[in-house]
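Per-entry structural report
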Amino acid sequence: MSLKDTLFNLLGKLNPRFLAFAEKQMKNIPGVSQKIEGEYAEIMVELEKSVKPYKNKYDSFTQIPAVGRDHTDILRDMESMRDLEESHWKDGFISGAVYHGDQEHIDFLNQVYALNSQSNPLHADVWPSANKFEAEIVAMTANMLGGEGLDVCGTLSSGGTESILLAMKTYRDRAFAEKGITKPEMIAPVTAHAAFDKASQYFNIKMIHIPVDENFRADVNAAKKAITKNTIVIIGSAPSFPHGAIDPIAELSELAREHGIGFHTDACLGGFVLPWAEKLGYPVPPFDFRLPGVTSMSADTHKYGYAAKGTSVVLYRGQELRHFQYYTSTEWPGGLYFSPTFAGSRPGALSAACWAALTAIGADGYLSATKKILETAAVIKKGVNEIPELHVLGNPLFVVAFASESVNIYKVLDYMSHKKWSLNGLHKPTCVHLCVTLRHTQPGVAERFLADLREAVEHVKAHPEEKGTMAPVYGMASTLPMRGMVSDLLKKYLDVIFKA
Ligand SMILES: *Cc1c(COP(=O)(O)O)cnc(C)c1O
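Because the structure is predicted, anything quoted here is derived from the model rather than measured.

This part covers the overall build of the protein. The number of helices and strands found in the protein is 17 helices and 13 strands. Taken against the 2.2 N^0.38 rule, which gives 23 Å for 500 residues, the C-alpha radius of gyration of the protein at 24 Å falls within 12% of a compact globule. Counting every position in the protein, which comprises 500 residues, the buried fraction comes to 47%. The contacts in the protein between residues at least 6 apart in sequence include a share of 72% that link residues at least 24 apart. A total of about 25,600 Å² of accessible surface is found on the protein, and carbon and sulfur atoms cover 57% of it. Across the protein, the 51 positively charged side chains and the 56 negatively charged ones have centroids separated by 5 Å.

Next comes the structure, spelled out in structure tokens:
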């Protein structure tokens, strides 16, 4: 073990609060913070090269051009960029990201967008069509998720993160109004989406993380122990983003119900897969409104609902709960103002495209899409497990996370990147995942993935001397005890992204 590893191991055993303190002190030692800044600067130069490939290739602007450009020039440049980027996702090299992607479907959604491009649901009087589309998207989603015959309602949002933020704000405001809770807490498995931590930060709700078991499912006993008089909501994923594991939603939601607190099923990823998987006979544990303890859900139309990016549905058991999400202003000189979600004006065209996707695909379309995806995922799961150095984590339906005891999986990820693959590198535990979409159901894609993966493992085994390009960064990012510094680095990365 190198000195650095030993140091990290040691630091890893220390109290996180002491570490935060030490980190702060260390930065204050003259020279240390300069040294750190120097290291950051070096990494950032490298990073900038990789995230700004168009730097000298196309005209760029930091001022609005004095004279407007020709439409043909703008379209030509955009077509050229599209041509450079398209095959990467279209040919199925990417985990998640584009869930449908057939040209005919894309063309249809674009046609719908064009028809509705001026629409804004904020103006219900001008575009009642937008409100019709949104109300029906919510109703169709609610009924698909066990809401039939129940008082399940909801709203459209801009994406999974917004749906989650809205639901958490809703529980916070209800807990204050009904129970006078001023120090709210939420309980979520460590595998719950980062959007819940974002909600915790934005809305001042204390996050209580609970561990997951060997199959990456939330520990129900830990949830039970974590409940206090300030708990406002318990969270479970169906399934989770990292390992595709479905939490024990029945037990967790029942626990919440017994204690009179909310339960949110995050079905952002699985909301438009699991209902169809169940109909196809796959073993899907209960996760939706058929469980009496489930009081809210999020389901992303812009993932497996196959809508364009920018829509998701948040659902509630009962109109009363939904009221805590709404915003109203009665005193503003601009007039009576009210909006259902965080945004004011919203793109009605995206709602129209979402409605068009749901109704054009239909139950038959979702069933056949789900069948193809689950069958492809099964081929990939089996193929990964047949590589002696690798094993699939848990028993997922369509998000295949895999790890290794004998090879550095981040080096495998590096090699796969050279072969054009964009997989996700995860940590805690160290693994890599592929979220299977319709893109991977195209002939030959799963076979190509497995062949490249076998080659990658062989290559890493044969070349222990190679460090890899991203592998050390991933390795460091997951083991570095100075989490504040990792966080600083991520913020600097965002600065680079917004550099014109
Ligand atoms: C994608 C995802 C989210 C967040 O969705 P965005 O649309 O990226 O904001 C939340 N939860 C799970 C399980 C997800 O997979």
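We now examine the packing of helix H5 (residues 103-115) against helix H13 (residues 348-385). Relative placement of two packed helices is described by the angle separating their axes and the distance separating the axes. Remark: H5 packs on H13, axes separated minimally by 8 Å, with the N-to-C direction vectors making an angle of 140 degrees. Looking at the two axes, H5 sits oblique to H13. Where H5 crosses over H13, the handedness of that crossing is right-handed. Across the interface between the two elements, His105, Phe108, Leu109, Val112 and Tyr113 of H5 pack against Ala349, Leu350, Ala352, Ala353, Ala356, Ala357, Ala360 and Ile361 of H13. Class assignment of the residues belonging to the contact of H5 with H13 gives a composition of 12 nonpolar, one polar and no charged.

Moving on, we get to the side chain of Glu389. Relative to the helices and strands, Glu389 is located in the loop between H13 and strand S10 (390-392). Separated by 2.6 Å, the side chains of Glu389 and Lys461 make a polar contact. Contact partners of Glu389, with chain neighbours within four places excluded, come to Ala403, Ser404, Glu405, Ser406, Val407, Val457 and Lys461.

Applying the stated criterion to the full structure yields 21 salt bridges. Among the salt bridges present, the one from Arg439 reaches Asp102, with a minimum N-O distance of 2.5 Å. Residue Arg439 is located in the loop between strand S13 (431-435) and helix H15 (445-462), and its partner Asp102 is located in the loop between helix H4 (71-90) and H5; the two are separated by 337 residues in the primary sequence. Using a relative accessible area of 40% as the deciding quantity, one classes Asp102 as partly exposed. Between Lys419 and Asp452 there is a salt bridge, with the nearest N and O atoms lying 3.9 Å from each other. Of the two residues, Lys419 is situated in the loop between helix H14 (409-418) and strand S12 (424-426) and Asp452 in helix H15; the sequence distance between them amounts to 33 residues. Taken together, the shared-partner salt bridges connect Asp59, Arg69, Asp73, Arg76 and Asp77 into one network.

Our next topic: the sheet that holds strand S5 (residues 262-267). Across the sheet, which stays open at both edges, the seven strands sit in the order S1-S7-S6-S5-S4-S2-S3 with mixed pairing between neighbours. Of all strands in the sheet, those with a lone pairing partner are strand S1 (152-157) and strand S3 (206-210), marking the two edges. Going from strand to strand, the sheet's axes swing by 20 degrees on average, the running direction of each strand aside.

Cut-off values and rules
- Residues numbered from 1 in each chain as written.
- Predicted model: local features only at pLDDT ≥ 70, side-chain atom pairs only at ≥ 80, totals over all residues.
- Heavy atoms only, no water.
- Helix = DSSP H or I, 4+ residues; strand = E, 2+ residues; numbered from the N terminus.
- Rg over C-alpha atoms; globule rule 2.2 N^0.38 Å.
- Buried < 20%, exposed > 50% of the residue type's maximum accessible area, 1.4 Å probe, protein only.
- Contact = heavy atoms within 4.5 Å.
- Areas by Shrake-Rupley, 256 points an atom, 1.4 Å probe, with all protein chains shown as cover.
- Lys, Arg positive; Asp, Glu negative; His and termini not counted.
- Charge placed at Lys NZ, Arg CZ, Asp CG, Glu CD.
- Axes fitted to C-alpha atoms, helices over the stretch in contact; angles between N-to-C directions.
- Parallel < 35°, antiparallel > 145°, perpendicular 65-115°, else oblique.
- Left-handed = near helix turned anticlockwise from the far one by under 90°.
- Nonpolar A, V, L, I, M, F, W, Y, C, P; charged D, E, K, R; others polar.
- Polar contact = N/O pair within 3.5 Å; in protein donor to acceptor, adjacent residues only side chain to side chain.
- Salt bridge = Lys/Arg side-chain N within 4 Å of Asp/Glu carboxyl O.
- Pairing = 2+ DSSP bridges.

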